[in-house]
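Structural overview for review
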Amino acid sequence: MTGQSSAQISNPPSIKGRRRKKRHTPLEYTKKRWFQFLMLANFIFLYFPIIALMAFSFNDSRRNIMWKGFTFKYYIKAYYNESLFEAFINSLIVAGISTVVSTLLGAMLGLALCRFRFPAKNAFDGWIHLPIIIPEICMGVAMMAFFSRLNISLGLFTITVSHIAFTIPFVAVVIRSRMAGYDYALEESSRDLGANQLQTFMYVTFPYMVPGIVAGALLALTLSLDDFVITFFTSGPGSTTLPIKIFSMVRFSVTPEVNAASTVLIVMTLILAVTTMIIMSRKNRKNGGIAI
Amino acid sequence: MTEKKSIISIRNVTKRFGSAVTAVDNVSLDIQEGEFFALLGPSGCGKTTLLRMVAGFENPTKGRIFIDGQDMSGVDPNHRPVNMVFQSYAVFPHMTVAKNAGYGLKVTGVARKEIDERVTEALSLVKLSGFESRFPHQLSGGQQQRVALARALIKKPKVLLLDEPLSALDAKLREAMQIELVRLQKSVGITFIIVTHSQDEALSVADRIAVMQAGKLRQTASPIELYENPNSRFCADFIGKINLLEAEVAGVEDGKLLVEIKGEGRKIKVPYDGEAQGKIGVAIRPEKLRLSKAEPEGEAIKFLMKIANMVYYGNASHIYMEDARGLCLTVDFQNEARTAEPSIIIGNEMWVSWQPEDTLVLVE
């Protein structure tokens, strides 16, 4: 409104022929044409391949090139593809277990790191976050070498253990950032009002941590669900997860079946993310807490 | 006050953090039952540490703390008969006002029905009835403060500890809350200990004030005693405004102390019945000084000075006087008339005088 009225004032009626151009303040980037175009290009670049992948999963053709008609048959085919279905179930098992364990451990780690002072804390702090920065391929090779050294046969167990190992620091980081804004007077006040340590944790600290725990768990779940490199090194015969199965299928040919399997994975992750966001926003509205 | 029993006894308490920092240095203090007590001092003087030791969040390095006759060494905060109102309020953000207020009862296993009754009672005490189902983020700072108060008072503690409770409120609200706190304390009859760095706050709410400096207790007295008879330069300067002049004892005359004001070369006679020698401080409160055009008669101590500056505050003005030898005095001039006093103009010479008995002699 104000922008319009100021534009009218700055354009005296004498210059009638001139095209009226809306002036934006220097920081209103989102209203600039070139910026809008850039954003559009970005979106296309990011999402077009995914949308194309999803669209072609409904294509009634053996090839992913020409649109021949709409069908659900590749979803049915994927469902009845036993090895694909097994890989899918394996992924769910690995992701489920590793998420629960790494969320538990990561939450404790995050809380301990922002809460306590102990000898060699800084060294411990840096060392614990190594899995975030070291290349995944090195992690994978190291894990494989480690398991074979201990004579543990590669399988679902080794995949799960590796997933736990590399997702813990991610959870810890999320919990830590949540706890950074925590007022420890809340805990003191709880103790002061007669609560013991356990009650204080249950009624005061934990409720505050919940949004961080949910976000951390979601992060761990998505990391585990679509991890390829580490899983590739630590999986054995008969313990394929969905990303590895999809990869091996693609090596032969890209059939709409692969598209269908990928679409299922995408939709699942989306539902998960949206649900979490809804829960968190409700919780935040109630708590007046800060969203993370 | 003296016949009442002491509810908190602090005996030779010292608190060191590491080897370098001594936050509280050998403090002994008795706080009587039903008293509104203030711990006053500049930031970093150890007053909050002392309070936290009473609450049980810090352990004294040396010394003992007794609450109602019981030694509190090794007793956890949740087992002490004291409750605290925190500077940041520390109201639980995920609980409603009612849940916050009832928290202390819930965790100690009080029956639901009793909790509900006592919550209603406590909230009406702090004038928060009708706010039961609100969340803290829907409340103003002052209201959150009241929740913190209700939450502590509902436990019926023997002593309520308040850590800088009003520092986050704006000036108007702070004044209202000061009056409110006094009313509350009188109505519940619980001993209150308030920690504050604001001398106004301490003077206006407390029955007795302990002034702390660098971990040490400097003076414990009633507000009027503290203001009119500070025992040291620090207390005199910290409480209210004061004109502090360095002086030297020149002798005793007619049972009065003869002191020579530094740089002034003039001796004044002030009543003093303690021991004093060598360098001392002579102090006078600005509101005890009088300004006049004519030379005052009688016993008054007087100086002819020039008006160097003046600051107008509405109800009063501060008039800064100085003389040729460097003596500076601030006069608190009450603006009783609606018009400006014609003789008070910067550069004018006037007599500044005060009654000898209003002079404070500060040996420490």
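Scroll up to find the structure.
These lines cover the structure that appears in this document, whether it is placed above or below. (Residues numbered from 1 in each chain as written. Chains lettered and ligands numbered in written order. Predicted model: local features only at pLDDT ≥ 70, side-chain atom pairs only at ≥ 80, totals over all residues. Heavy atoms only, no water.)

When you go through chain A residue by residue, the secondary structure sums to 13 helices and 0 strands. A buried classification covers 38% of the 292 residues belonging to chain A. For chain A, the exposed area adds up to about 18000 Å²; of that, 69% sits on carbon and sulfur atoms. (Helix = DSSP H or I, 4+ residues; strand = E, 2+ residues; numbered from the N terminus. Buried < 20%, exposed > 50% of the residue type's maximum accessible area, 1.4 Å probe, protein only. Areas by Shrake-Rupley, 256 points an atom, 1.4 Å probe, with all protein chains shown as cover.)

Taken together, the contact pairs 27 residues of chain B with 21 residues of chain A. Between chain B and chain A the total buried area reaches about 2100 Å² when both faces are included, carbon and sulfur atoms providing 58% of it. For the chain B face of the interface with chain A, the top three residues by lost area are Asn78(B), His94(B) and Tyr103(B), together amounting to 27%. Between chain B and chain A we count 2 salt bridges in total. Salt-bridge contacts for Glu188(A) lead to Arg52(B); the nearest nitrogen and oxygen are separated by 2.6 Å. Remark: the boundary between chain B and chain A carries 11 residue pairs in polar contact (both at pLDDT 80 or more). Only α1 (47-55), β6 (82-85), α2 (97-106) and α4 (141-153) of chain B provide two or more residues apiece to the side of chain B that touches chain A. The residue makeup of the side of chain B that touches chain A, split by class, is 15 nonpolar, 7 polar and 5 charged. (Contact = heavy atoms within 4.5 Å. Buried area = accessible area lost by both parts, 1.4 Å probe. Salt bridge = Lys/Arg side-chain N within 4 Å of Asp/Glu carboxyl O. Polar contact = N/O pair within 3.5 Å; in protein donor to acceptor, adjacent residues only side chain to side chain. Nonpolar A, V, L, I, M, F, W, Y, C, P; charged D, E, K, R; others polar.)

What follows deals with the sheet that holds strand β15 (residues 290-292) of chain B. Residues and elements named next belong to chain B. Strand order in the open sheet formed by 5 strands is β15-β19-β16-β17-β18, and the pairing between neighbours is antiparallel. The open sheet has two free edges, formed respectively by β15 and β18 (328-334), since each of these has just one partner strand. The average undirected angle you get between the axes of adjacent strands in this sheet is 45 degrees. Taken together, the 7 bridges between strand β17 (residues 316-322) and β18 define a ladder with antiparallel strand orientation. The residue bridging Ala316 from the neighbouring strand is Gln334, located in β18. (Pairing = 2+ DSSP bridges. Axes fitted to C-alpha atoms, helices over the stretch in contact; angles between N-to-C directions.)

All names here are of chain B. According to the stated counting rule, one finds 1 cavity of 30 Å³ or more in the structure shown. Counted as a void, the largest cavity has a volume near 40 Å³. Lining the largest cavity we find Ile8, Ile10, Leu29, Ile31, Leu39, Leu50, Leu51, Val54 and Ile193. Tallying contributions element by element places α1 first for the lining of the largest cavity, with 3 residues. Looking at the lining of the largest cavity residue by residue, the class counts come to 9 nonpolar, no polar and no charged. (1 Å grid on protein atoms, 1.4 Å probe; cavity = no way out; pocket = protein on both sides within 12 Å on 5 of 7 lines; lining within 4 Å. Points joined across faces, edges and corners; volume = space filled by probe spheres on them.)

Residues and elements named next belong to chain B. Relative to the assigned elements, Arg285 resides in the loop between β14 (279-284) and β15. No salt bridge forms around the buried Arg285; measuring N to O, its nearest opposite-charge neighbour Glu287 is 5.3 Å away. Sequence-distant contacts of Arg285, defined by excluding residues within four places in its chain, comprise Leu226, Tyr227, Pro230, Ala236, Ile239, Gly240, Lys241, Ile242 and Asn243. (Lys, Arg positive; Asp, Glu negative; His and termini not counted.)

In this section: the environment of Gly215(B). Tracing the chain through its elements places Gly215(B) in the loop between β9 (208-213) and β10 (216-221). Apart from the residues lying within four places of it in its own chain, the contact partners of Gly215(B) are Ala23(B), Val24(B), Asp25(B), Val27(B) and Cys45(B).

Across soluble globular proteins, you tend to see nonpolar side chains buried next to one another. Within the largest apolar cluster, 50 residues are counted, with the highest numbers of intra-cluster contacts made by Ile8(B), Ile10(B), Leu29(B), Leu39(B), Leu50(B), Leu161(B) and Ile193(B). The next biggest cluster of nonpolar side chains, apart from the first, holds 46 residues, and it includes Val85(B), Ile190(B), Phe192(B) and Tyr227(B). (Core = buried A, V, L, I, M, F, W, Y, C linked by side-chain atoms within 4.5 Å.)

Note that every value here comes from positions in space, so none of it alone points to a role or purpose.
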